[in-house]
Amino acid sequence: MIENKFLPKAYTHAISGSSVGYESPSNIALIKYWGKYGNQLPKNPSISFTLNTCKTQTRVSFQKLEKSKKGSFDFEIYLDGEPKPGFEPKIEQFFHRIEDYVPFISEYKFKIATSNSFPHSSGIASSASGMSALALCLMEMEKQLQPNMSVDHFNEKASFLARLGSGSACRSLTGPLVVWGEHEEFRGSSNLYGVKFSHELHPVFEDYQDTILMVDKGEKQVSSTVGHNLMNNHPFAPARFDQAYMHMTDIVPILKSGDLDAFMHLVEREALTLHAMMMTSSPYFILMKPNTLQVIEKIWNFRRETGAPVSFTLDAGANVHVLYPAAESEKVLDFIKNELVKYCQNGQYICDNVGNGARKL
Ligand code: DP6
């Protein structure tokens, strides 16, 4: 099995204790990952813009234990300096999933200190930025145990580990666009990790803007794992997976030419298809709120009236990501302030843009 390439070679160095830190961003999918199987493998390929402003900073301090046992992990986790026992089950599950690949994790006591650049209860998922930052910290540690590791191996394995924490996290390590999932158009693409989009990219996309409107800041109504599972035995799932695969082919010439009409049509269709899947699953969910629809309608009116290339995408929730070229920023931000802020909870929104991925602290 190809996963074997991520099993470590015998470590050449020993470390007793130290700390490592990484900052990693969130990402927003243009073609959505929705449906998984096996050990965090995607049912269809996906592609995302890496973000810049929404990110997690994680510092992992570690100390070698005197006695250790395979499958038993010793860690504590802090968010903004406060202990967060609520995060422990997710980390524990992550450690179990990755232990074969980073077996040293049962031999150390960890303190994981993390903070997000965006408010915790903002409805913005921190799993992509959080899991990728943590995966990078563990790889940084593995590099100390095995310093002759190549940069390519480091990056691939960090994305591989991040995927085992949260699928979309494997797309946060680099930018400006990342592909995850095997697809014939993308040489080197893999179901196991994300790869940088390597086709020609029109400059308009290099600094594309994403203003995230906080329509609903509540906890997610449906966890992503539950959501992905709804695609099992979904009557429309096979057609959806085929469509996503075809959309991956379609997006290549769009990203090359900068055809914004085609871009807007594709990303909006993807967003609405994701929600259509949830509305037609069993059980079914409506994750949009009335204000989500108000915002979409306003965006469409603005686009029709002004010709400005403003579009939207959605995650598995009610918030709206407003996407537009940097050159349109002034006009679009005026529109957002005048017409869309009233649909945001407490008038809150976050201005983000396409970024280049994670950074060592
Ligand atoms: C709708 O990556 O959060 O944002 O693998 O269960 O952690 P898990 O799921 P997650 O799913 C993200 C789904 C999405 C679309 C996308 O990002 O591609």
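The structure this text deals with has already been given above.
Residues numbered from 1 in each chain as written. Predicted model: local features only at pLDDT ≥ 70, side-chain atom pairs only at ≥ 80, totals over all residues. Heavy atoms only, no water.

Focus on the overall build of the protein
- A tally of regular secondary structure across the protein gives 8 helices and 14 strands.
- The C-alpha radius of gyration computed for the protein amounts to 20 Å, which stays within 12% of the reference 21 Å derived for 361 residues, consistent with globular compactness.
- Overall, the C-alpha framework of the protein stretches about 70 × 45 × 40 Å when taken along its three principal axes.
- Once local pairs closer than 6 in sequence are excluded, the contacts in the protein between residues at least 24 apart make up 77%.
- In the structure as shown, the protein presents an accessible area of about 15800 Å², 50% of it carried by carbon and sulfur atoms.
- Side-chain charges in the protein split into 36 positive and 39 negative, and the spacing between the mean points of these groups amounts to 4 Å. (Helix = DSSP H or I, 4+ residues; strand = E, 2+ residues; numbered from the N terminus. Rg over C-alpha atoms; globule rule 2.2 N^0.38 Å. Contact = heavy atoms within 4.5 Å. Areas by Shrake-Rupley, 256 points an atom, 1.4 Å probe, with all protein chains shown as cover. Lys, Arg positive; Asp, Glu negative; His and termini not counted. Charge placed at Lys NZ, Arg CZ, Asp CG, Glu CD.)

As for unusual backbone geometry
- A cis amide bond, omega 0 degrees, links Gly175 with the succeeding residue Pro176.
- You can see Pro176 is positioned in the loop between helix H3 (151–165) and strand S8 (177–180).
- With omega at 0 degrees, the peptide bond leading from Ser282 into Pro283 counts as cis.
- Mapped onto the elements of the fold, Pro283 is located in the loop between helix H6 (260–279) and helix H7 (290–306).
- Positive phi, close to 65 degrees, is recorded for Gln40, a residue that is not glycine.
- One can find Gln40 in the loop between strand S2 (36–37) and strand S3 (41–42).
- You will see that Asp80, though not glycine, has its phi angle at about 50 degrees, which is positive.

What to know about the nonpolar core
- In terms of nonpolar packing, the biggest core is built from 76 residues, with Ile47, Phe95, Phe110 and Phe263 touching the most fellow members.
- Among the elements that take part in this core, helix H2 (residues 127–145) stands out by supplying 10 residues, more than any other.
- In this structure Ile47 touches Ala29, Leu30, Ile31, Leu177, Val178, Val179, Phe197, Met248, Ile251 and Leu255, once residues within four positions along its chain are discounted.
- Within the second largest apolar cluster, 23 residues are counted, among which are Val215, Ala308, Val332 and Phe335. (Core = buried A, V, L, I, M, F, W, Y, C linked by side-chain atoms within 4.5 Å. Buried < 20%, exposed > 50% of the residue type's maximum accessible area, 1.4 Å probe, protein only.)

Some points on the packing of aromatic side chains
- Summed over all chains, the structure comprises 20 aromatic pairs.
- With a centroid separation of 5.4 Å and 80 degrees between ring planes, the pair formed by Phe73 and Phe95 is classed as edge-to-face. One end of the pair, Phe73, is in the loop between strand S4 (46–64) and strand S5 (74–79); the other, Phe95, is in helix H1 (residues 88–98), with 22 residues separating them in the sequence.
- Here the aromatic rings of Tyr108 and Phe110 are separated by 6.4 Å at their centres, their planes lie at 45 degrees, and the arrangement is tilted. (Phe/Tyr/Trp six-rings, centres within 6.5 Å; stacked < 30°, edge-to-face > 60°.)

Description of helix H5 (residues 237–257)
- Helix length check: H5, at 21 residues, gives a terminal C-alpha distance of 31 Å against a target of 30 Å (1.5 Å per residue), a fit within 8%.
- Remark: the principal bend of H5, roughly 25 degrees, maps to Asp250, with a proline, Pro253, within the next four residues.
- When H5 is considered as a whole, its buried residues turn out to be Ala237, Arg240, Phe241, Gln243, Ala244, His247, Met248, Ile251, Val252, Ile254 and Leu255.
- Buried residues along H5 sit against strand S1 (17–31), S4, S8 and H6.
- Just past H5, the residue Gly258 takes up positive phi, approximately 75 degrees. (Expected span 1.5 Å × (residues − 1). Bend = angle between axes of the 7 residues up to and from the residue.)

Some remarks on the packing of H1 against H2
- H2 packs onto H1 with a crossing angle of 50 degrees between their chain directions and a minimal axis gap of 13 Å. One finds that H1 runs oblique with respect to H2. Judged by the sense of rotation from one axis to the other, the crossing of H1 with H2 is right-handed. Residue-level inspection shows Lys90, Ile91, Phe94, Phe95 and Ile98 of H1 in contact with H2, the latter providing Ser127, Met131, Leu134, Ala135 and Leu138.
- Along the lines of polarity and charge, the residues of the contact of H1 with H2 split into 8 nonpolar, 1 polar and 1 charged. (Axes fitted to C-alpha atoms, helices over the stretch in contact; angles between N-to-C directions. Parallel < 35°, antiparallel > 145°, perpendicular 65-115°, else oblique. Left-handed = near helix turned anticlockwise from the far one by under 90°. Nonpolar A, V, L, I, M, F, W, Y, C, P; charged D, E, K, R; others polar.)

Describing the sheet that holds strand S13 (residues 349–353)
- Reading across from one edge, S11-S12-S10-S13 is the order of the 4 strands in this open sheet, with antiparallel pairing throughout. Looking at the sheet topology across the chains shown, the edges are occupied by strand S11 (311–314) and S13. Across this sheet, the average inter-strand angle for adjacent strands is 25 degrees, counted without regard to direction.
- Across 5 bridges, the pairing between strand S10 (residues 209–213) and S13 is antiparallel. (Pairing = 2+ DSSP bridges.)

Observations regarding the environment of Lys69
- As for its position among the elements, Lys69 is in the loop between S4 and S5.
- Among the residues examined, Lys69 registers a relative accessible area of 59% and is labelled exposed.
- Expressed as a C-alpha distance, the spacing of Lys69 and Glu107, which sit 38 residues apart in the sequence, is 7.3 Å.

Considerations on the pairing of strand S12 (residues 320–324)
- Taking burial as the measure, the 5 residues of S12 include 5 buried ones, the bulk of the element.
- Across 5 bridges, the pairing between S10 and S12 is antiparallel. From the neighbouring strand, Gln209 faces S12, where its bridge partner is Tyr324.
- Between S11 and the antiparallel strand that follows it, S12, lie 5 residues.

Quick notes on the site of the ligand
- Neighbouring residues of the ligand: 16 residues in total, closest Tyr33, Lys36, Ser166, Gly167 and Ser168.
- A distance of 2.7 Å is found between an oxygen atom of the ligand and a side-chain nitrogen or oxygen belonging to Ser166.
- Protein chains shield 94% of the accessible area of the ligand, which is 460 Å² for the free molecule.
- Among the residues making up the shell around the ligand, the classes are represented as 5 nonpolar, 7 polar and 4 charged. (Near = heavy atom within 4 Å. Polar contact = N/O pair within 3.5 Å; in protein donor to acceptor, adjacent residues only side chain to side chain.)

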